[in-house]
Amino acid sequence: MATDYKSTVFLPRSSFPMKANLPLREPEMLARWREMGLYERMRAARAGRERFTLHDGPPYANGHLHIGHALNKILKDVINRSQQMLGKDVAYVPGWDCHGLPIEWMVEESYRAAGKNKDEVPIVQFRRECREFAEKWIAIQNEEFQRLGVEGDWGRPYLTMSYDAEAQIVRELGKFLMSGSLYRGSRPILWSVVERTALADAEVEYEDHVSTTIHVRFPVLDTAPREELRGASVIVWTTTPWTIPGNRAIAVDADEDYVRVRVTEVAEGSRAVVGEEILVAGALLAAVAKDCGIAGHEVVARLPGRTLAGAVCAHPLRGQGYDFDVPVLAAGFVTMDQGTGCVHIAPGHGADDFHLGLAHGIEVPFTVGEDGGFLDSVPLFAGRQVLTGEGETGDADDSVAAALEAAGGLLSRGRLRHSYPHSWRSKAPLIFRNTAQWFISMSDTGLRDTALSAIEATRWVPPAGRNRIASMVEGRPDWCISRQRAWGVPIPVFVDKRTGEPLRDQAVIDRIATVIEAEGADAWFSSAPARFLGDGYNADDYEQVRDIVEVWFESGSTHSFVLEARDDLDWPASLYLEGSDQHRGWFQSSLLESCGTRGRAPFDAVLTHGFVMAEDGRKMSKSLGNVVAPQAVIDKSGAEILRLWVVGSDYSEDLRIGPEILKHHADVYRRLRNTLRYMIGNLDGFGPAERLPPTGMPELDRWVLHRLYELDGLVRRCCADFDFHTLFTALHTFCATDLSAFYFDIRKDALYCDALASPLRRAARSVLDEAFQCLVTWLAPVLCFTAEEAWLARDEAGRAGGSVHLTEFPTVPAEWRDDDLAEKWRKVRALRRVVTGALELERAEKRIGASMQAHPVVHAGREFVEAMAGVDLAEIAITSGATLVEGAAPAGAFTVDDVPGVAVVPGLAAGEKCERCWKVLPDVGSVAGYEDACARCADAVEQLTEAAD
C-alpha cells in the first residue's frame, strides 16, 4: 500500500476564502472602516505631504443613483486612492447640487398629482418643500455612493443650498455686478413653455420632431437698387411658421449665385402662379421647384448674392399690421444644403438672427409670451399658441399659414421630420423667444479672452477636450444666468425704476450676503427690500429682482465656497472630472465664473469620461429593458464588479455594460482573487528569517522581480496619466499570464514538495512576498474591498486595526531591473510554449495523463540553447525529465509557427512515480524506508520528521 504523504506536502493555508461573497462582505468592510475612522486616519497619515485635490462635480439630489453616477464616482475614488497610495494628502469632499429645475419639477409633479397649483402656495413654503425633497435624496445618495466603496468626507459634504454656500453665490454674483459685466438685456433664448423658464444649452437634448414647413413670398419693393430685382418675390423657407410675425429681414450669401425665375407651368394643387417671378439660390432651384409644384420655369436673370443685399422687401402680411420694410442682408451663416438660399430672419427667435439684426440696427420684437402664446400686441395672432402648457403643438402654425395663404404670400406647405431641441426634463419641445434676462458679458471685461487663455494653460485628458471647450467658448454668446423659477439663489439686484440700471453698491451686496448666510436665501423673498437697501436708499425707487440664478452659475461657483473655504482642500483644484457633456456644462461654467472673478481657471487639469451605453451599443431605456441599475449589480455581485468594470473599460470613450459584460468582469475578478489567495496560502508562516536576497535567487525568481520593477514604473505613469484602463490590463495580464500560468505553475513543485529550508522554496516564498506587497497595494485603488480583505488575511494578528489604504505603493529597488535577463527569459518562455503545446496534444491523444509522465526531447537553434544555459528544462516544462538538443528536428516533430527554430519530440519519462511529488523518476525507492518516494521527497519528509521531534 502506498504511503499517505498528504500531511507532509506544504499545501497552501489561508483564511482568505475562494468564494468572495461580496454582497455580504462589502457592507461588513464598510462598517469596519467607519468604526476605525479610516478617512480621518488616511488624512492623518498624509498630514504635511503634497496635496492632491479632486473637486467633486455635484450631482442633482433628485433620485436613486444610475450607472453613470457609479462610473463617475468610482473613477474619482480610484484616482483619489491611487494618489493617496503615491503618498499624497488626498482630501475628498463630495457635494450636491440642490437648487434648480430638476428638484422644483419633482415637487411640482406632486402638486399636479394632488390637483394643486404651485403658484397658489406662498413661495417660502414651496421653497421649504424643495429643500426637504433635496435633503431626503442627499441622505439616500450619500449611502448609495458609500456602498460603491467611495471614500470621502461623507459626514461633511458641501451643499449648494447650505446657507454659507448661498451667501457665497450672492457674493460671486456681486463681483460680476460691481465689475459692470452683469447686465439686464433682451435676446432670444431657448425657452421651455412647460417649465416656464429659460434653459441652458446643457439642459437641452435633441430629439426627432415633425414640423410644418412653408415657402413664403416676400415681394421686392419698387425701391430696390437694381431694376432686375423689382417685381419679383424673394422666397424664404422655414420650419417654424409661427416666427413669420417676428420676421424683420432676409439673409443671403454674398458669394453664391442667385436666379430670377419666371414660372411657366405648375403642377396640380400648386400654389405657384404661371407668370410670377421668384428669386432663389441657383443651387437650390431644382429642390424649390419640386417642393412648390413648379413644373416649368425659365431663368430671367442670374445675380450674385451681393447684388441682392440692399434690396428691400415687403412683409407678406403688409397692410395687416406688418407695414415695415424687410431688408435683404448678406450673412456668413447662410448655407446651400436646404431651403432656398434666402433665410428668414426673426431677431427674436434665433441666435444668428439676433446678432445679424443687432449689427444692422434692426429691432428685436417681443412676440411670444412665457406661456407659449402670442402677446396681445401681435397683429392677427394675439392669443394663438405656439406650444401648449403640456408641450403639444398649438394653433399658431396653422393660423400663420392660413393668413399667409389669404394674403397671397404662401407658396407651399409641407411636413418635415428633423432633429429639434427638447427639454431634458419634461421632454417637451422648446422655442426660441425674446425675453428680458440677466447676462454676464463675454466681452465687456474680456471674459472670453481670459477664459481662452485659461483653457490653453489647463491640462486636458484626453487632449481633444481642449479644442472642444475652446470652440464652445469662442462662439458662445453672453452668459444668460437668470431663470424664472422659485427654487434657487436669487439674483440679488435692485434696479433703479427711473433709469433701468442695476444698483451697484458693495455695501448692499455685503448686507444681502450677511442676511442670507444667517437665514438662507428665503430671506430675499420674505424680507422687505429696505432691509437690504439700508438707510441710504428709498425702497420705492427700486425694483427688486425676483429671478433666480441658473444652477450652472451655482455649481460653477462651488470652487469659491468649497476649495477656498476648507482648510483641507487647495485652490485651484488639481483635477476636475466629469462626463464629456460637461465641456458645455460644469467645466465651462466653473471656468467662466472663476476667470471672471479670479482671472484664471479653478482647476489645473480636467479629465472627461464617456457615457454608458447598453452592451449592444444602444442607449439605455426602460422601454428596451436594457437599463443596468448599480444597486442591482451590487446586490447580485458586489460593488467590486462595478469598480472592475470601470477600469476594465476604456472610459475615454463611451462605455458599454450589460449581463455578458458583467459576467466577463466577474470572471476576471475570480482570477485575480484566486491569484491573491494562492500567494497568501503559500506565504503561510513566512517571516524575515526565511527571506533570500535577490543575489541568492535562481534566474526565474529574479525575472519575476524584474517584472515587478517594470510594473512599478507603469503603475506610477498610469496614475499620473489617470490611465487606469492600461494599468489594470497590465496587472491582470501579469497575474494571469506571468504568475498563474507560468511562475506559479513552475514553482508549485518547489513550494509544495521541497524541504522547508530549500533555497529554491525560500526564493519562491521571498518573491511571493514581494509580489503580494506590490499587487495588494497596486490593486487597492480599484478593488478596495478585496485588497483590504487580502491584506488582513496575510497577517490578521499583526494588522489588526490597520488598513492597506493607509499604506503606500512599495518602493521597488532599481537593482531588480535586469533587461538582459528579461530578454533571455523571453526566449525561454517561447521555447516552453512549444513544449507545452506538444504535451497538450499528447494528453488529447491520451498518450499521457499528466505532464509529469513525459520526457520530451527538444530540438532548438543556437540562440535558444544559449538562452537555456543554467535553466532546468524539465522544471520549466513541468515534466519529470527533458532533453535539449541543438540542431534540426526529425521529421514529424511538433512545432509552432510563430516560434521558428524549436521542435519537440514527446516521450515518456523513465522510472517510477513518486507518491509525494508525482514525478516519474529513476531514483524512486532509492532511500531506505521511502520505497515509493524519490530521493528529494524522502529527504524533505525526513527533515520534517526531525523538526517535529
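Structure first, text after, so check above.
An account of the accompanying structure is given in this report. It should be emphasised that the depicted structure is a prediction, and the values quoted were computed from it without experimental measurement.

**Here's the deal with the pairing of strand 9 (residues 257–266)**
Each regular strand shows side chains that alternate between the opposite faces of the sheet. With 9 bridges joining them, strand 9 and strand 11 (residues 294–304) adopt antiparallel strand pairing. When the sheet's bridge partners are listed, Arg-260 is paired in strand 11 with Ala-301. In terms of strand pairing, strand 9 meets strand 10 (residues 277–281) through 5 bridges, oriented antiparallel. If you follow Val-261 over to strand 10, its bridge partner there is Ile-278.

**Observations concerning helix 5 (residues 123–147)**
The terminal C-alpha atoms of helix 5, which comprises 25 residues, lie 36 Å apart, in line with the 36 Å expected from a rise of 1.5 Å per residue. Once helix 5 ends, the next one or two residues include Gly-149, with phi positive near 90 degrees.

**A look at empty space enclosed by the protein**
Throughout the structure, instances matching the rule amount to 4 cavities of 30 Å³ or more. Counted as a void, the largest cavity has a volume near 90 Å³. Forming the walls of the largest cavity are Gly-100, Leu-101, Thr-197, Ala-198, Leu-199, Glu-203, Arg-483, Arg-485, Ile-548, Val-549, Glu-550 and Val-551. Partitioned by chemical class, the residues of the lining of the largest cavity number 6 nonpolar, 2 polar and 4 charged. By volume, the second largest cavity amounts to about 50 Å³. Taken together, Tyr-39, Met-42, Arg-43, Asp-77, Asn-80, Arg-81, Gln-84, Val-90, Tyr-92 and Glu-151 make up the full set of residues lining the second largest cavity. Those elements that provide at least two residues to the lining of the second largest cavity are helix 2 (38–45) and helix 3 (67–85). In terms of residues, the lining of the second largest cavity owes the most to one element, helix 3, which gives 4 residues.

**Quick look at the sheet that holds strand 4 (residues 182–192)**
One open sheet holds the 4 strands; their spatial order is 5-4-16-18, and the pairing between them is antiparallel. This sheet does not close on itself; its edge strands, each paired only once, are strand 5 (197–198) and strand 18 (479–480). Examined bridge by bridge, strand 4 and strand 16 (residues 431–440) share 10 bridges and lie antiparallel to one another. Within the sheet, the bridge partner assigned to Pro-188 lies in strand 16 and is Asn-434.

Rules used in this analysis
Residues numbered from 1 in each chain as written. Predicted model: local features only at pLDDT ≥ 70, side-chain atom pairs only at ≥ 80, totals over all residues. Heavy atoms only, no water. Pairing = 2+ DSSP bridges. Helix = DSSP H or I, 4+ residues; strand = E, 2+ residues; numbered from the N terminus. Expected span 1.5 Å × (residues − 1). 1 Å grid on protein atoms, 1.4 Å probe; cavity = no way out; pocket = protein on both sides within 12 Å on 5 of 7 lines; lining within 4 Å. Points joined across faces, edges and corners; volume = space filled by probe spheres on them. Nonpolar A, V, L, I, M, F, W, Y, C, P; charged D, E, K, R; others polar.

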